[in-house]
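This is what each chain is made of:
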Amino acid sequence: MHHWIFCASLLLCPQPQTGAIGLGEAQLAAAQQPTPNTNPDNRVEIKDATDKLSGHIGKRGKEDTEAIAVIDGLVQEFEKSGPKDRALIAKSLDKCFEQKRQESADGVRDNKLYMAAAVSLR
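Within each chain, residue numbers correspond to sequence positions counted from 1 in written order. Totals for whole chains, interfaces and linings use all residues, but because this is a predicted model, local features are given only for residues with pLDDT of at least 70 and pairs of side-chain atoms are given and counted only at 80 or more. To obtain the side-chain values, all non-hydrogen atoms of the structure were included, while hydrogens and water were left out.

Colleague: What exactly am I supposed to notice about the overall build of the chain here?
Modeller: A count of helical and extended segments in the chain gives six helices and zero strands. Along the chain direction, N to C, the helices and strands of the chain fall in the order α-α-α-α-α-α. Relative accessibility thresholds used throughout: buried, under 20% of the residue-type maximum; exposed, over 50%; partly exposed, between the two (1.4 Å probe, protein chains only). Out of the 122 residues belonging to the chain, those deemed buried represent 20%. When checking whether two residues touch, look at their non-hydrogen atoms; a contact exists if any pair is within 4.5 Å. Put simply, of all contacts in the chain between residues at least 6 apart along the chain, 64% involve residues at least 24 apart. Split by element, the accessible area of the chain, about 9,000 Å² in all, is 58% carbon and sulfur. The numbering of helices and of strands both runs from the N terminus, where a helix is a DSSP run of H or I of at least 4 residues and a strand a run of E of at least 2. In this description, accessible areas are obtained by the Shrake-Rupley approach with a 1.4 Å probe, and a residue is regarded as covered only by the protein chains that are shown.

Below, the structure is given as C-alpha cells:
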C-alpha cells in the first residue's frame, strides 16, 4: 500500500532542475551575465563635488562637517554614476584616510571623517 503513495508522490512533486526554471541554455547564459553600467560618466557635478571634498578635508579637521555633507551627496550619486565617476568617487573617499587630524587634550584623534569615509566605501 505504501508503494503506490511513493509512486504518486513522484508524479505530483516537481523534479529538481538545473539552472533557472523554464530557461533555455542561451537564456540562462544571458541571465547570468552582469548588466553593463550605462549610467552617464564624466559628469561635471561629480568633479565639482570631489574637488569640494578635497578642499574641505585639507583643513585639518576644521571643515569635517562640511566634508561629511559632501560625502553624503557623493554616496547618493554613486548609483547614478558611470564607471569613471564611480572610480573618482572612490578615489576621493580614499584620500580622506590620508589626512591627519588634530588630537584632543586627551590625545585622541577626531575620527568622524574617517568613519564617514569608511561607511561610504562599504
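Moving on from the coordinates now.
Colleague: Sorry if this is basic, but what is going on with the packing of helix 3 (residues 44-57) against helix 5 (residues 83-95) here?
Modeller: The description of two helices packed together rests on the angle between their axes and the distance between the axes. Here, axes are lines fitted to C-alpha atoms. For helices the fit covers the stretch in contact, and angles between N-to-C directions go from 0 to 180 degrees. Where helix 3 meets helix 5, the closest approach of the two axes is 10 Å, and the angle between their N-to-C directions is 5°. When the axes of helix 3 and helix 5 are compared, the pair comes out roughly parallel. Touching Ile46, Lys47, Thr50, Leu53 and Ile57 of helix 3 are Asp85, Leu88, Ile89, Ser92, Leu93 and Lys95, all from helix 5. Here the term charged refers only to Asp, Glu, Lys and Arg, the term nonpolar to Ala, Val, Leu, Ile, Met, Phe, Trp, Tyr, Cys and Pro, and the term polar to all other amino acids, Gly among them. For the contact of helix 3 with helix 5, the residue count by class is six nonpolar, two polar and three charged. For this classification, under 35 degrees means roughly parallel, over 145 means roughly antiparallel, 65 to 115 means roughly perpendicular, and everything else is oblique.

Colleague: Would you mind going over helix 4 (residues 64-78) with me for this structure?
Modeller: Since there are 3.6 residues in each turn of an α-helix, residues three or four apart along the chain are aligned in direction. Taking 1.5 Å of rise per residue, 15 residues should cover 21 Å, and helix 4 covers 21 Å from first to last C-alpha, within 8% of that figure. Listed as buried for helix 4 are Asp64, Ala67, Val70, Ile71 and Leu74. Looking down the long axis of helix 4, one finds its buried residues gathered within 115° of arc, a one-sided arrangement. Residues of helix 4 that are exposed and point more than 90 degrees away from the buried face comprise Thr65 and Ala69. Check the buried side of helix 4 and you find it contacts helix 3, helix 5 and helix 6 (112-121). The span you would expect from a helix comes to 1.5 Å times its residue count less one. To obtain the arc, one takes the directions from the helix axis to the C-beta atoms.

Colleague: Which parts of the structure should I look at to understand the packing of aromatic side chains?
Modeller: For any pair of aromatic rings, geometry is given as the distance between the ring centres together with the angle between the planes. Pairing of aromatic side chains here covers Phe, Tyr and the six-membered ring of Trp, requires ring centres within 6.5 Å, and sorts the geometry by plane angle: under 30 degrees stacked, over 60 edge-to-face, intermediate tilted. Tallying each qualifying case throughout the model produces one aromatic pair. On the numbers, 6.3 Å between centres and 15° between planes, the contact of Phe97 with Tyr114 is stacked. With Phe97 in the loop between helix 5 and helix 6 and Tyr114 in helix 6, the pair connects residues that are 17 residues apart, well separated along the chain.

Colleague: Got a minute to help me understand the nonpolar core in this structure?
Modeller: One broad rule of soluble globular proteins: the nonpolar side chains tend to lie buried together. By size, the foremost hydrophobic cluster in this structure holds 14 residues, and its most contacted members are Leu53, Ile57, Ile71, Leu74, Cys96 and Leu113. Contributing elements (two or more residues each) for this core: helix 3, helix 4, helix 5 and helix 6. Those residues in contact with Cys96, other than ones at most four positions away along the chain, are Leu53, Ile57, Ile71, Leu113, Tyr114 and Ala117. Joining through side-chain atoms within 4.5 Å is the link that ties buried Ala, Val, Leu, Ile, Met, Phe, Trp, Tyr and Cys residues into a set, and such a set is a nonpolar core.

Colleague: Explain a positive patch on the surface to me, please; I cannot follow it from the model alone.
Modeller: Judged by side-chain charge, Lys59, Arg60, Lys62 and Lys100 come together as a positively charged surface patch. We classify Lys59 as partly exposed; its relative accessible area is 41%. Residues form patches when they are more than 30% accessible in relative terms and have no salt bridge. Like charges link within 9 Å. Nonpolar side chains (Val, Leu, Ile, Met, Phe, Trp, Tyr) link within 5 Å. Counted as salt bridges are all cases of a side-chain nitrogen of Lys or Arg within 4 Å of a carboxyl oxygen of Asp or Glu. Note that His is not counted, nor are the chain ends; the positive residues are Lys and Arg, and the negative ones are Asp and Glu. The atom standing in for a charge is NZ when the residue is Lys, CZ when it is Arg, CG when it is Asp and CD when it is Glu.

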